[in-house]
Amino acid sequence: MGKLASNRILFILFILLWASTSAQKQGNPSEKYKDAYKKYLDAPCPKEETSIKHFVYFSKDRASIKNHPLLVVPQFKGAQIMYSWKDLEPEKGQYTFSVIEKDIAYLKQYGKKLFIQLQDATFNPNYNAAPSYLLTNEYDGGTILQFDEEGSPDGWVAKRWNKKVRERFALLLQALGKEFDQKIEGINLQETAIEVSKKTDPTFSEEEYILGLKENMLALKKAFPSTTTMIYANFVPGEWLPWNDKGYLKGLYKYGQEIGVGLGGPDLMVTRKGQLNNALSLMHEGRYTVPIGIAIQDGNYIGKTGSDLDYNESEDTGDNSRQNIVALLHAFADNFLRVNYMFWVNQEPYFTKDVIPCLVPQ
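Nothing here was measured: the structure is a model prediction, and the numbers come from that model.

Tell me about the sheet that holds strand β1 (residues 53-57), and name the residues and values.
Taken in spatial order, the eight strands of this closed barrel run β1-β2-β3-β6-β7-β8-β9-β10, and their pairing is parallel. The mean inter-strand angle of the sheet, taken between neighbouring strand axes irrespective of direction, is 25 degrees. Bridge count for β1 against strand β10 (residues 341-345) is five bridges, and the pairing is parallel. Residue pairing in the sheet places tyrosine 57 in a bridge with valine 345 of β10.

Below, the structure written as structure tokens:
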């Protein structure tokens, strides 16, 4: 063996040893933030109001804002309410925003503001949020049924990857912006996580889906130039960080920062690697000038999500044996994520027994 060959072998061995040592030091990248929450286990409830704007999330139960505690608690800036596409555009090109106008007027009486969540996807197979005209051949059916990991129907989603569907959605955004820009606190698009693939819809592609999301984000910003805009960018089909990184989710966060659309996500899950390695890590690691928001949704008050198979909301008694984690969630969102908005779901008994006493200085 020549001297040159020997040197090459030694060099390769050195590189392999260095890589192995580096990997050992780095550990499992999927566990990078698995203990981040522990820093906040003893966090106290905030004694003073922070810069975070707190909103109460009602989903589609808009009637519950009437005489709700948020109206008299100064720590809450208003209500986040979901409005479905088909309720706002019952007929093609015919928009009706009377429910939004009523909610704005009611909240205004108490010095509160409205944050709109625009619904084009559902987690109920018996409810489709899209207008009926969209469910035609002209729009390739307009929506598609999603299926969960067990293969059961799990709701509907508008075909965000279909150009014609996006064009209609952009027109809805334009009409909303014309009426409500500057009159509301903000508006957000629903989460990016969907259960769709080429197997369930041959017209679907990951690249077209990302393009569609970006076009919706830009249309949202153009429609609401003077109002907080946001997209719940949590997961993307075909990608799972950190192992399978195609740049999709990171690209959405970069694009949001570039065009001025805020970034956020549903389900503040501080112990789950899925959330920690995707949306939460991007919030933590980025330096943003756009608003950042996080939602505490059904189940989150006890460390669950509404999609968990072992979570049964009807069994939640909210008894005193459970741990109140509101202070932990607040501290994590404030210090680790550096959010501007928190959206607390109106889920009882947790909201009344846990959230209000913690956020309202005694």
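Next comes the rest of the account.
An account of the side chain of arginine 160 is needed here, citing residue identities and associated values.
With respect to the helices and strands, the residue arginine 160 is situated in the loop between β5 (153-158) and α4 (163-180). Residue classification places arginine 160 among the buried positions, given a relative accessible area of 4%. Excluding residues that lie within four positions of it along the chain, arginine 160 makes contacts with Asp120, Ala121, Arg166, Gln190, Glu191, Thr192, Ile194, Tyr209, Gly212, Leu213 and Asn216.

Break down the environment of methionine 342 for me, with residues and values.
Following the sequence through the fold, methionine 342 ends up in strand β10. According to the relative accessible area criterion, methionine 342 is buried, its value standing at 0%. Sequence spacing of methionine 342 and alanine 175 is 167 residues, and the spatial spacing of their C-alpha atoms is 27 Å. Excluding residues within four positions of it along the chain, methionine 342 makes contact with Ile52, Lys53, His54, Phe55, Leu268, Ile294, Ile296, Leu329, His330 and Ala333.

Which residues make up the nonpolar core, and what values do they have?
Judged by nonpolar contacts, the single largest core of 110 residues is most densely connected at Phe76, Leu176, Leu268, Phe332 and Trp344. The element that contributes the greatest number of residues to this core is helix α9 (residues 326-337), accounting for nine residues. With near-sequence residues (within four places) excluded, leucine 268 lies in contact with Leu280, Ile294, Ala295, Ile296, Asn300, Leu329, Phe332, Ala333, Leu337 and Met342.

Before we move on, could you go through the packing of aromatic side chains and cite the residues and values that matter?
Going through the model one piece at a time under the given rule, you end up with 23 aromatic pairs. Between the aromatic rings of tyrosine 301 and tyrosine 350, the centroid separation amounts to 5.8 Å while the plane-to-plane angle is 35 degrees, which identifies the pairing as tilted. Placement of tyrosine 301 in the loop between β9 (292-296) and α9 and of tyrosine 350 in helix α10 (residues 350-359) is noted, with a sequence separation of 49 residues between them. Of the two residues, tyrosine 301 and tyrosine 350, both sit in the buried class. Between the aromatic rings of tyrosine 341 and phenylalanine 343, the centroid separation amounts to 5.9 Å while the plane-to-plane angle is 0 degrees, which identifies the pairing as stacked. With a relative accessible area of 0%, phenylalanine 343 lands in the buried category. Lying across the ring of tyrosine 106, lysine 66 places its NZ or CZ 5.1 Å from the centre.

Reading guide: rules and limits
Residues numbered from 1 in each chain as written. Predicted model: local features only at pLDDT ≥ 70, side-chain atom pairs only at ≥ 80, totals over all residues. Heavy atoms only, no water. Pairing = 2+ DSSP bridges. Helix = DSSP H or I, 4+ residues; strand = E, 2+ residues; numbered from the N terminus. Axes fitted to C-alpha atoms, helices over the stretch in contact; angles between N-to-C directions. Buried < 20%, exposed > 50% of the residue type's maximum accessible area, 1.4 Å probe, protein only. Contact = heavy atoms within 4.5 Å. Core = buried A, V, L, I, M, F, W, Y, C linked by side-chain atoms within 4.5 Å. Phe/Tyr/Trp six-rings, centres within 6.5 Å; stacked < 30°, edge-to-face > 60°. Lys NZ or Arg CZ within 6 Å of the ring centre and 35° of its normal.

Scope: geometric values only; no functional claims are made or implied.
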